[in-house]
Amino acid sequence: MGDESKSAIAMSRPGLFSRFADDATERRYSERARTLRLPFVRLYGVIFMVVALAYSIVNPMFLAPTDNAQLAILLGLALLACGAYIGVTFWDGYIRYALIDFIALLTISLLVGKINVVLFEHLSSLDATLHAVGTVNRLIITAFAAVTLAGRPRMFIAWLSFDALVWFAQISSGQPHLSAVVYAVLSFSSGAVVMMAINLAVGRTSRAAFQLADSLDAERERNEELVLNMLPPAAVNRIRSGLLVADSYADASVIFIDMVGFSTLAKRVSPGHLVELLNAFFNHADACARQFGVEKVKTVGDAYLAIAGGNVPSGNSADAAIAFARAVIAGVAEMGRGAGMEVALRAGIHSGPVVGGVIGETRMAYDYWGDTVNIAARLDGTAPVNGIAVSEITWLRARDREGFGAPVTIALKGVGDVLVYHMQPPIGGQVEQAA
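Residues numbered from 1 in each chain as written. Predicted model: local features only at pLDDT ≥ 70, side-chain atom pairs only at ≥ 80, totals over all residues. Heavy atoms only, no water.

Draft legend 1. The overall build of the protein chain, seen in detail. Check the secondary structure of the protein chain and you find 14 helices and 8 strands. Taking all 435 residues of the protein chain together, the buried fraction comes to 45%. Summed over its atoms, the accessible surface of the protein chain is roughly 22800 Å², and 62% of this surface lies on carbon and sulfur atoms. (Helix = DSSP H or I, 4+ residues; strand = E, 2+ residues; numbered from the N terminus. Buried < 20%, exposed > 50% of the residue type's maximum accessible area, 1.4 Å probe, protein only. Areas by Shrake-Rupley, 256 points an atom, 1.4 Å probe, with all protein chains shown as cover.)

And the structure:
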């Protein structure tokens, strides 16, 4: 990733309590982070249930029947709440609602707090001094909440505030020694501050990691689009598998379209104006190719090479090629008005077998070869201004022959005599776009 991308990520990184500016990004972050924490949530729930069962086994050994019955009810409710919590994590909609964690953890914390009160009373009757156990139990749950609610610091603060109020009410009720309350508050507060720091740290790092991963995904998608813009998807998959890309097509129609008098035009206009004109021509041809199911192969100077019946299915390749060429030439007048000058095109089409594939390891492109390609290029030079020249093979394969005149025999360089059909442009220099 370049320095500019890194700088953009750093500048847009959210603060401790802020969200992503875009709601969709915030939602994706929350859902992805909660999905990654799911195993941790379920593991904690199982551990909590095992510990609660252990308490249930131990309690009858030390507690009076009345206290044991009370704790059995509280532990049963805690097990039920935790079991329901684990169960809801398997619901598809769970990851969309962080409030589920808030309610479930607060419920468990309140039940554990009540359990601690009963245990405190029992230990007090024995003059035991194990009140710290209650604080530790709550901090264990608080640690879990700090991680589970990471990325949502305000929700964690709200959860911590509710938990602290209930805890303080429980430990201060009937406590004769002020010092015990003060030390308990200091112990709980210091632990709560640490848990808050953990929540903020995990939230910030997870947001930064998500943002970086999101940027990498976006960059990967852009690169994928660029690759697929140059190569067919099937060819990309074979290249990634280390396979040779070579295909044979028995019935394809190759189209060459170029500008008439381009060399003269290049001497008359500025380079910037010339590039602007070529860009308009090629963009128009690209749009026509998408419309008629024709595959763009490449541009060479002022020439546009396309093929019907190659990687892109097109039905009757001759009809698709002719319709495409007509549509491109139909835009001549519009291109001329946009460029402020007269523009003229001509096209040559030949049908037959071609070989397609990718050669080399740098600047790869899917190209086509064979006599069909060469003959189409030669025919392009014989076409009338704003007209089309097709070979006899293409004319015989086509169903739409409207506008073509009688055949003429033309000697093509390197090919010999070929019967050629010309489609003359109508008055005005434009060809009506085929439906």
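Draft legend 2. Main features of unusual backbone geometry. Residue N386 is not a glycine yet carries a positive backbone phi of 55°. Along the chain, the position of N386 falls in the loop between α13 (371–380) and β6 (388–391). With a relative accessible area of 7%, N386 lands in the buried category.

Draft legend 3. Fine view of the packing of helix α2 (residues 23–62) against helix α3 (residues 65–88). Relative orientation of the contacting elements α2 and α3 amounts to 165°, with a least axis distance of 10 Å. Taken as axis vectors, α2 and α3 run roughly antiparallel relative to one another. The handedness of the crossing between α2 and α3 is left-handed. For the pair formed by α2 and α3, the contact residues are V41, R42, G45, V46, F48, M49, A52, L53, Y55, S56, N59 and P60 on the first element and N68, L71, L75, A78, L79, C82, G83, Y85 and I86 on the second. Tallied by class, the residues present in the contact of α2 with α3 amount to 15 nonpolar, 5 polar and 1 charged. (Axes fitted to C-alpha atoms, helices over the stretch in contact; angles between N-to-C directions. Parallel < 35°, antiparallel > 145°, perpendicular 65-115°, else oblique. Left-handed = near helix turned anticlockwise from the far one by under 90°. Contact = heavy atoms within 4.5 Å. Nonpolar A, V, L, I, M, F, W, Y, C, P; charged D, E, K, R; others polar.)

Draft legend 4. Expanded view of the environment of L106. Structurally, the position occupied by L106 is in helix α4 (residues 99–125). On the basis of relative accessibility, which here comes to 14%, the residue L106 falls in the buried class. Taking C-alpha positions, L106 is 7.8 Å from F162, a pair spaced 56 residues apart along the chain. Excluding residues that lie within four positions of it along the chain, L106 makes contacts with W159, F162 and D163.

Draft legend 5. Layout of the packing of aromatic side chains. Per the stated rule, a full pass over the model turns up 10 aromatic pairs. Between F40 and F144 the ring centres are 5.3 Å apart and the planes differ by 40°, which places this aromatic pair in the tilted class. One end of the pair, F40, is in helix α2; the other, F144, is in helix α5 (residues 132–148), with 104 residues separating them in the sequence. With a relative accessible area of 35%, F40 lands in the partly exposed category. An angle of 55° between the planes, with centres 5.9 Å apart, marks the rings of Y249 and Y368 as tilted. Of the two residues, Y249 sits in strand β1 (residues 246–259) while Y368 sits in strand β5 (residues 366–369), which places them 119 residues apart along the sequence. The exposure classification of Y249 matches that of Y368, with both residues buried. Among the aromatic residues, those joined into a ring-pair cluster are F281, F282, Y304 and F324. Over the aromatic face of Y94 sits the side chain of R34, whose NZ or CZ is 4.4 Å from the ring centroid. (Phe/Tyr/Trp six-rings, centres within 6.5 Å; stacked < 30°, edge-to-face > 60°. Lys NZ or Arg CZ within 6 Å of the ring centre and 35° of its normal.)

This is a description of form; function is not addressed.
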